[in-house]
Amino acid sequence: MITHKLDYLEQLEAESIYIMREIAAQFEKPALLFSGGKDSITLVHLAKKAFAPMKIPFPLVHIDTGHNFPEALQFRDYYAESISAELIVRKVEDTIKTKNLTEPKGKFASRNWLQTHTLLETIEEFQFDACIGGARRDEEKARAKERFFSVRDEFGQWDPKLQRPELWNIYNGRINKGENIRVFPISNWTELDVWNYIKKENIQLPSIYFAHNRDVIKYDEQLIAVSDFIQIDENDEILNKKVRYRTVGDMTCTAAVESAAETLDEVITEITASKISERGETRIDDKVTEAAMEDRKKGGYF
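Please read all numbers here as calculations on a predicted model, not as lab measurements.

Colleague: If you had to explain the packing of helix α4 (residues 92–99) against helix α5 (residues 115–126) to someone new, which residues and values would you point to?
Modeller: Contact pair α4 / α5: the axes reach a minimum separation of 9 Å and the direction vectors enclose 90 degrees. The orientation of α4 with respect to α5, classified from their angle, is roughly perpendicular. Side by side, α4 and α5 meet where Val92, Thr95, Thr98 and Lys99 of the first sit next to Gln115, His117, Thr118 and Glu121 of the second. In terms of residue class, the contact of α4 with α5 is made up of one nonpolar, five polar and two charged.

Rendered as C-alpha coordinates:
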(Lines give C-alpha, C1' and ligand atoms only; values in the text may rest on other atoms or scores of the structure.)
Protein backbone atom coordinates (compact mmCIF):
# COMPACT_ATOMS: atom_id res chain seq x y z
CA MET A 1 0.00 0.00 0.00
CA ILE A 2 1.32 3.43 -1.00
CA THR A 3 1.11 6.02 1.76
CA HIS A 4 1.42 9.75 1.31
CA LYS A 5 4.00 11.41 3.55
CA LEU A 6 2.72 14.77 4.74
CA ASP A 7 4.88 17.77 4.00
CA TYR A 8 5.45 20.32 6.76
CA LEU A 9 2.47 22.51 5.83
CA GLU A 10 0.19 19.49 5.74
CA GLN A 11 1.50 18.45 9.17
CA LEU A 12 0.79 21.91 10.59
CA GLU A 13 -2.66 21.89 9.02
CA ALA A 14 -3.44 18.42 10.41
CA GLU A 15 -2.35 19.48 13.91
CA SER A 16 -4.50 22.62 13.79
CA ILE A 17 -7.54 20.76 12.44
CA TYR A 18 -7.17 18.18 15.20
CA ILE A 19 -7.17 20.99 17.78
CA MET A 20 -10.25 22.59 16.16
CA ARG A 21 -12.11 19.29 16.52
CA GLU A 22 -10.94 18.94 20.12
CA ILE A 23 -12.42 22.37 20.83
CA ALA A 24 -15.78 21.33 19.40
CA ALA A 25 -15.69 18.08 21.37
CA GLN A 26 -14.60 19.47 24.75
CA PHE A 27 -16.42 22.80 25.04
CA GLU A 28 -20.05 23.84 25.07
CA LYS A 29 -19.75 27.43 23.84
CA PRO A 30 -16.53 28.15 21.96
CA ALA A 31 -15.95 31.27 19.86
CA LEU A 32 -13.32 32.27 17.32
CA LEU A 33 -11.82 35.75 17.66
CA PHE A 34 -11.82 37.24 14.18
CA SER A 35 -10.34 40.61 13.25
CA GLY A 36 -10.00 40.33 9.47
CA GLY A 37 -6.23 39.85 9.87
CA LYS A 38 -4.24 37.12 8.15
CA ASP A 39 -3.88 34.84 11.20
CA SER A 40 -7.58 34.88 12.11
CA ILE A 41 -8.48 34.40 8.42
CA THR A 42 -6.20 31.34 8.40
CA LEU A 43 -7.97 30.06 11.55
CA VAL A 44 -11.38 30.36 9.90
CA HIS A 45 -10.09 28.55 6.82
CA LEU A 46 -8.79 25.72 9.03
CA ALA A 47 -12.13 25.58 10.87
CA LYS A 48 -13.96 25.31 7.55
CA LYS A 49 -11.78 22.35 6.57
CA ALA A 50 -12.15 20.76 10.00
CA PHE A 51 -15.95 20.69 9.89
CA ALA A 52 -16.77 20.52 6.17
CA PRO A 53 -19.35 20.07 4.73
CA MET A 54 -21.03 21.66 7.77
CA LYS A 55 -20.68 25.32 8.70
CA ILE A 56 -18.17 26.11 11.42
CA PRO A 57 -19.85 25.33 14.77
CA PHE A 58 -19.00 28.56 16.59
CA PRO A 59 -19.46 32.30 16.05
CA LEU A 60 -16.80 34.77 14.94
CA VAL A 61 -16.21 37.47 17.55
CA HIS A 62 -14.51 40.81 17.01
CA ILE A 63 -13.59 43.19 19.81
CA ASP A 64 -13.65 46.46 17.88
CA THR A 65 -11.47 49.19 19.39
CA GLY A 66 -12.80 51.80 16.96
CA HIS A 67 -9.26 52.41 15.69
CA ASN A 68 -9.17 49.67 13.07
CA PHE A 69 -7.97 49.90 9.49
CA PRO A 70 -11.07 50.25 7.28
CA GLU A 71 -9.72 47.60 4.88
CA ALA A 72 -9.68 45.03 7.70
CA LEU A 73 -13.23 45.86 8.82
CA GLN A 74 -14.58 45.67 5.28
CA PHE A 75 -12.94 42.29 4.78
CA ARG A 76 -14.20 41.08 8.18
CA ASP A 77 -17.80 41.74 7.22
CA TYR A 78 -17.44 40.41 3.67
CA TYR A 79 -15.73 37.19 4.74
CA ALA A 80 -18.14 36.38 7.57
CA GLU A 81 -21.08 36.83 5.21
CA SER A 82 -19.42 34.80 2.44
CA ILE A 83 -19.17 31.72 4.68
CA SER A 84 -22.54 32.31 6.40
CA ALA A 85 -20.88 32.61 9.81
CA GLU A 86 -22.41 34.39 12.78
CA LEU A 87 -20.42 37.56 13.45
CA ILE A 88 -20.57 39.12 16.92
CA VAL A 89 -19.03 42.60 17.24
CA ARG A 90 -18.59 44.35 20.57
CA LYS A 91 -17.14 47.86 20.75
CA VAL A 92 -14.56 49.18 23.19
CA GLU A 93 -16.15 52.59 22.88
CA ASP A 94 -19.33 51.24 24.45
CA THR A 95 -17.32 49.81 27.34
CA ILE A 96 -15.56 53.14 27.85
CA LYS A 97 -18.96 54.83 28.22
CA THR A 98 -20.66 52.22 30.43
CA LYS A 99 -17.65 51.75 32.73
CA ASN A 100 -16.61 55.41 32.62
CA LEU A 101 -13.08 54.42 31.62
CA THR A 102 -10.40 56.99 30.94
CA GLU A 103 -9.40 57.30 27.29
CA PRO A 104 -5.64 57.10 26.70
CA LYS A 105 -4.01 60.38 25.72
CA GLY A 106 -0.99 61.21 23.61
CA LYS A 107 0.30 61.07 20.09
CA PHE A 108 -0.59 57.41 19.52
CA ALA A 109 -3.40 56.92 22.02
CA SER A 110 -4.09 53.18 21.82
CA ARG A 111 -7.15 51.45 23.22
CA ASN A 112 -5.38 48.08 23.28
CA TRP A 113 -5.26 47.95 27.07
CA LEU A 114 -8.95 48.84 27.28
CA GLN A 115 -10.13 46.12 24.91
CA THR A 116 -9.46 43.55 27.65
CA HIS A 117 -12.49 44.93 29.50
CA THR A 118 -14.68 44.46 26.43
CA LEU A 119 -13.35 40.97 25.77
CA LEU A 120 -14.07 39.83 29.33
CA GLU A 121 -17.53 41.40 29.18
CA THR A 122 -18.23 39.57 25.92
CA ILE A 123 -17.08 36.24 27.34
CA GLU A 124 -19.42 36.76 30.29
CA GLU A 125 -22.32 37.96 28.11
CA PHE A 126 -22.28 34.87 25.90
CA GLN A 127 -20.85 32.46 28.49
CA PHE A 128 -18.04 31.42 26.16
CA ASP A 129 -15.96 28.66 27.73
CA ALA A 130 -13.28 28.69 25.02
CA CYS A 131 -11.97 31.48 22.80
CA ILE A 132 -9.89 30.57 19.76
CA GLY A 133 -7.12 32.96 18.76
CA GLY A 134 -4.44 33.24 16.11
CA ALA A 135 -1.44 33.89 18.38
CA ARG A 136 1.78 32.15 17.36
CA ARG A 137 4.84 31.39 19.47
CA ASP A 138 7.24 33.04 17.03
CA GLU A 139 5.53 36.43 17.38
CA GLU A 140 6.62 37.48 20.84
CA LYS A 141 8.32 35.95 23.89
CA ALA A 142 5.21 36.08 26.12
CA ARG A 143 3.23 34.20 23.48
CA ALA A 144 5.99 31.61 23.31
CA LYS A 145 5.05 30.62 26.89
CA GLU A 146 1.49 29.67 25.94
CA ARG A 147 0.22 26.11 25.59
CA PHE A 148 -2.34 25.25 22.92
CA PHE A 149 -4.99 25.21 25.69
CA SER A 150 -4.29 28.16 28.00
CA VAL A 151 -6.43 28.46 31.14
CA ARG A 152 -7.79 31.81 32.34
CA ASP A 153 -9.22 32.15 35.84
CA GLU A 154 -12.63 33.58 36.73
CA PHE A 155 -11.18 37.09 36.37
CA GLY A 156 -9.81 36.34 32.90
CA GLN A 157 -6.23 36.38 34.17
CA TRP A 158 -3.37 34.20 32.97
CA ASP A 159 -0.57 32.82 35.11
CA PRO A 160 2.42 31.76 32.95
CA LYS A 161 3.67 29.56 35.83
CA LEU A 162 0.48 27.49 35.85
CA GLN A 163 0.59 25.85 32.43
CA ARG A 164 -0.86 22.39 31.89
CA PRO A 165 1.32 19.69 30.31
CA GLU A 166 0.32 18.71 26.78
CA LEU A 167 2.06 15.38 26.26
CA TRP A 168 1.24 13.08 23.34
CA ASN A 169 -1.19 15.61 21.84
CA ILE A 170 -3.56 15.28 24.79
CA TYR A 171 -5.26 18.58 25.59
CA ASN A 172 -6.97 19.14 28.92
CA GLY A 173 -9.94 21.48 28.55
CA ARG A 174 -11.40 20.81 31.99
CA ILE A 175 -12.28 24.06 33.76
CA ASN A 176 -14.12 25.23 36.84
CA LYS A 177 -17.18 27.47 36.75
CA GLY A 178 -16.25 30.97 35.62
CA GLU A 179 -12.95 29.96 34.04
CA ASN A 180 -12.33 29.80 30.31
CA ILE A 181 -9.71 28.50 27.94
CA ARG A 182 -7.88 30.45 25.27
CA VAL A 183 -6.95 28.09 22.45
CA PHE A 184 -4.18 28.77 19.92
CA PRO A 185 -4.38 26.20 17.09
CA ILE A 186 -1.57 27.75 15.02
CA SER A 187 0.89 28.15 17.90
CA ASN A 188 3.55 26.10 16.09
CA TRP A 189 3.28 28.06 12.84
CA THR A 190 5.66 30.83 11.86
CA GLU A 191 4.80 33.98 9.92
CA LEU A 192 6.37 32.38 6.85
CA ASP A 193 4.32 29.20 7.36
CA VAL A 194 1.13 31.27 7.40
CA TRP A 195 2.04 33.01 4.16
CA ASN A 196 3.06 29.79 2.43
CA TYR A 197 -0.22 28.21 3.54
CA ILE A 198 -2.20 31.21 2.29
CA LYS A 199 -0.52 30.76 -1.09
CA LYS A 200 -1.06 26.99 -1.13
CA GLU A 201 -4.74 27.28 -0.21
CA ASN A 202 -5.40 30.41 -2.30
CA ILE A 203 -6.86 32.24 0.73
CA GLN A 204 -8.21 35.76 0.23
CA LEU A 205 -6.71 38.61 2.26
CA PRO A 206 -7.40 42.32 2.73
CA SER A 207 -5.50 44.55 0.32
CA ILE A 208 -3.62 46.14 3.23
CA TYR A 209 -1.17 43.20 3.29
CA PHE A 210 0.14 44.10 -0.16
CA ALA A 211 2.06 47.16 -1.33
CA HIS A 212 -0.05 50.29 -1.77
CA ASN A 213 0.42 54.03 -1.47
CA ARG A 214 -0.53 55.57 1.87
CA ASP A 215 0.05 58.85 3.72
CA VAL A 216 2.29 58.22 6.71
CA ILE A 217 4.46 60.05 9.20
CA LYS A 218 7.88 58.83 10.25
CA TYR A 219 8.27 58.44 14.01
CA ASP A 220 11.18 56.64 15.71
CA GLU A 221 12.10 55.14 12.34
CA GLN A 222 8.61 53.68 11.94
CA LEU A 223 5.94 54.62 9.38
CA ILE A 224 2.59 55.33 11.03
CA ALA A 225 -0.54 55.79 8.90
CA VAL A 226 -2.12 59.22 8.96
CA SER A 227 -5.59 58.90 10.48
CA ASP A 228 -8.07 60.66 12.74
CA PHE A 229 -6.81 58.51 15.61
CA ILE A 230 -3.27 59.91 15.91
CA GLN A 231 -2.06 63.37 16.82
CA ILE A 232 -0.32 65.15 13.95
CA ASP A 233 2.11 67.77 15.26
CA GLU A 234 3.39 70.77 13.32
CA ASN A 235 6.83 69.24 12.98
CA ASP A 236 5.45 65.98 11.54
CA GLU A 237 6.10 65.60 7.83
CA ILE A 238 3.36 63.74 5.99
CA LEU A 239 4.89 61.43 3.39
CA ASN A 240 3.24 59.36 0.69
CA LYS A 241 4.99 56.00 0.69
CA LYS A 242 4.48 52.65 -0.96
CA VAL A 243 3.96 50.37 2.03
CA ARG A 244 2.32 47.20 3.23
CA TYR A 245 1.48 45.76 6.65
CA ARG A 246 2.94 42.60 8.13
CA THR A 247 0.40 42.54 10.93
CA VAL A 248 -2.89 44.41 11.28
CA GLY A 249 -3.69 45.87 14.67
CA ASP A 250 -5.01 49.34 15.41
CA MET A 251 -4.01 52.31 13.27
CA THR A 252 -2.62 53.92 16.44
CA CYS A 253 -0.07 51.21 17.20
CA THR A 254 0.73 49.36 13.98
CA ALA A 255 3.52 50.56 11.70
CA ALA A 256 3.83 49.91 7.99
CA VAL A 257 6.92 48.69 6.20
CA GLU A 258 8.16 50.17 2.93
CA SER A 259 7.57 47.57 0.29
CA ALA A 260 7.06 46.94 -3.40
CA ALA A 261 5.57 43.47 -2.77
CA GLU A 262 2.26 43.32 -4.62
CA THR A 263 1.93 39.54 -4.93
CA LEU A 264 2.05 36.58 -2.56
CA ASP A 265 5.36 35.43 -3.99
CA GLU A 266 6.90 38.87 -3.47
CA VAL A 267 5.62 39.05 0.12
CA ILE A 268 7.03 35.59 0.86
CA THR A 269 10.40 36.63 -0.57
CA GLU A 270 10.44 39.72 1.69
CA ILE A 271 9.54 37.76 4.82
CA THR A 272 12.13 35.08 4.05
CA ALA A 273 14.81 37.78 4.02
CA SER A 274 13.57 39.54 7.18
CA LYS A 275 15.41 39.00 10.46
CA ILE A 276 12.77 40.67 12.67
CA SER A 277 9.36 39.26 13.64
CA GLU A 278 6.31 41.14 12.42
CA ARG A 279 5.39 42.35 15.92
CA GLY A 280 9.00 43.25 16.68
CA GLU A 281 9.17 45.42 13.58
CA THR A 282 5.72 46.99 13.46
CA ARG A 283 3.87 46.98 16.82
CA ILE A 284 4.37 50.11 18.89
CA ASP A 285 2.26 48.82 21.80
CA ASP A 286 4.65 45.91 22.42
CA LYS A 287 7.51 48.36 23.08
CA VAL A 288 5.95 50.28 25.97
CA THR A 289 7.88 48.11 28.45
CA GLU A 290 10.10 45.04 28.22
CA ALA A 291 7.16 42.88 29.34
CA ALA A 292 4.28 44.83 27.75
CA MET A 293 2.62 41.83 26.11
CA GLU A 294 2.98 39.57 29.15
CA ASP A 295 1.52 42.25 31.42
CA ARG A 296 -1.50 42.59 29.15
CA LYS A 297 -1.97 38.82 28.91
CA LYS A 298 -1.88 38.46 32.70
CA GLY A 299 -4.70 41.01 32.87
CA GLY A 300 -6.91 39.13 30.39
CA TYR A 301 -5.65 40.29 26.98
CA PHE A 302 -5.60 37.67 24.28
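Colleague: Break down helix α2 (residues 38–51) for me, citing the residues and quoting the values.
Modeller: Compared with an ideal rise of 1.5 Å per residue, which puts 14 residues at 20 Å, α2 spans 20 Å between its outermost C-alpha atoms and is within 8% of the ideal. For α2, the tally of buried residues reaches 12 of 14 residues, placing the bulk of the element in the interior.

Colleague: Kindly report on the nonpolar core, identifying the contributing residues and their values.
Modeller: Within the largest apolar cluster, 58 residues are counted, with the highest numbers of intra-cluster contacts made by Met20, Leu32, Phe149 and Trp195. Sort the elements by how many residues they give to this core and α2 lands first, with seven residues. The residues contacting Leu32, other than those within four sequence positions of it, are Met20, Ser40, Leu43, Val44, Phe58, Pro59, Leu60, Val61 and Ile132. Grouped together as the second largest cluster of nonpolar side chains are 13 residues, Ile63, Leu119, Phe128 and Cys131 included.

Colleague: Describe the pairing of strand β8 (residues 222–225), and please don't skip the residues or the numbers.
Modeller: Because side chains alternate across β8, one face comprises the buried residues Gln222 and Ile224, and the other comprises Leu223 and Ala225, equally buried. Sheet topology note: the strand β7 (residues 212–219)/β8 ladder contains four bridges and is antiparallel. The residue of β8 that forms the bridge with Tyr219 is Gln222. Direction of pairing for β8 relative to strand β10 (residues 255–258): antiparallel, over a ladder of two bridges. Bridge pairing links Leu223 to Ala256 in β10.

Colleague: Explain the pattern of salt bridges residue by residue, including any values.
Modeller: If you walk through the whole model with that rule in mind, you get 19 salt bridges. A salt bridge links Lys49 to Glu13; the nearest nitrogen and oxygen atoms lie 2.7 Å apart. Of this pair, Lys49 sits in helix α2 while Glu13 is found in helix α1 (residues 8–26), placing the two residues 36 residues apart along the sequence. The exposure class assigned to Lys49 is partly exposed, which follows from its relative accessible area of 33%. Connected through salt bridges with shared partners, the residues Glu13, Lys49, Lys200 and Glu201 form a single ionic network.

Colleague: Can you explain unusual backbone geometry? Please cite residues and give values.
Modeller: Look at the link from Ala52 to Pro53: it is a cis peptide, with omega at 10 degrees. As for its position among the elements, Pro53 is in the loop between α2 and β2 (60–64). Although it is not a glycine, Gln127 adopts a positive phi angle of roughly 55 degrees. Mapped onto the fold, Gln127 is located in the loop between α5 and β4 (130–132). For Gln127, a relative accessible area of 51% corresponds to the exposed category. Residues other than glycine seldom take positive phi values, yet Glu221 does so here, at roughly 65 degrees. Within the secondary structure, Glu221 is located in the loop between β7 and β8.

Colleague: Provide a residue-level description of the sheet that holds β7, including the pertinent values.
Modeller: Strand order around the closed barrel formed by four strands is β7-β8-β10-β9, with antiparallel pairing between neighbours. Put simply, the sheet's adjacent strands are angled 65 degrees from each other on average, direction ignored.

Colleague: So what's going on with the sheet that holds β4? Residues and values would help.
Modeller: Reading across from one edge, β3-β2-β1-β4-β6-β5 is the order of the six strands in this open sheet, with mixed pairing throughout. At either end of the open sheet lies a strand with only one pairing partner, and these are β3 (87–91) and β5 (149–152). Between one strand axis and the next, the sheet turns by 30 degrees as a mean value, whatever way the strands run. Note that strand β1 (residues 30–33) and β4 share three bridges and pair parallel.

Colleague: Tell me about the side chain of Glu71, and please be specific about residues and values.
Modeller: With respect to the helices and strands, Glu71 occurs in helix α3 (residues 70–82). One polar contact links Glu71 to Arg214, side chain to side chain, over a distance of 2.4 Å. Setting aside its immediate chain neighbours within four residues, Glu71 contacts Pro206, Ser207, Ile208 and Arg214.

Colleague: Residues and numbers for helix α6 (residues 191–201), please.
Modeller: In terms of burial, α6 is a largely internal element, eight of the 11 residues being buried. Among the residues making up α6, those that are buried are Glu191, Asp193, Val194, Trp195, Asn196, Tyr197, Ile198 and Glu201. One or two steps after α6, the chain reaches Asn202, where phi turns positive at roughly 55 degrees.

Colleague: Tell me about the pairing of strand β9 (residues 238–244), and name the residues and values.
Modeller: Both β7 and β9 contribute to a ladder of six bridges, which runs antiparallel. In the sheet register, Ile217 faces β9, and the bridge partner there is Ile238. In terms of strand pairing, β9 meets β10 through two bridges, oriented antiparallel. Note that in β10 the partner of Arg244 across the bridge is Val257.

Criteria and cut-off values
Residues numbered from 1 in each chain as written. Predicted model: local features only at pLDDT ≥ 70, side-chain atom pairs only at ≥ 80, totals over all residues. Heavy atoms only, no water. Axes fitted to C-alpha atoms, helices over the stretch in contact; angles between N-to-C directions. Helix = DSSP H or I, 4+ residues; strand = E, 2+ residues; numbered from the N terminus. Parallel < 35°, antiparallel > 145°, perpendicular 65-115°, else oblique. Contact = heavy atoms within 4.5 Å. Nonpolar A, V, L, I, M, F, W, Y, C, P; charged D, E, K, R; others polar. Expected span 1.5 Å × (residues − 1). Buried < 20%, exposed > 50% of the residue type's maximum accessible area, 1.4 Å probe, protein only. Core = buried A, V, L, I, M, F, W, Y, C linked by side-chain atoms within 4.5 Å. Pairing = 2+ DSSP bridges. Salt bridge = Lys/Arg side-chain N within 4 Å of Asp/Glu carboxyl O. Polar contact = N/O pair within 3.5 Å; in protein donor to acceptor, adjacent residues only side chain to side chain.

This is a description of form; function is not addressed.
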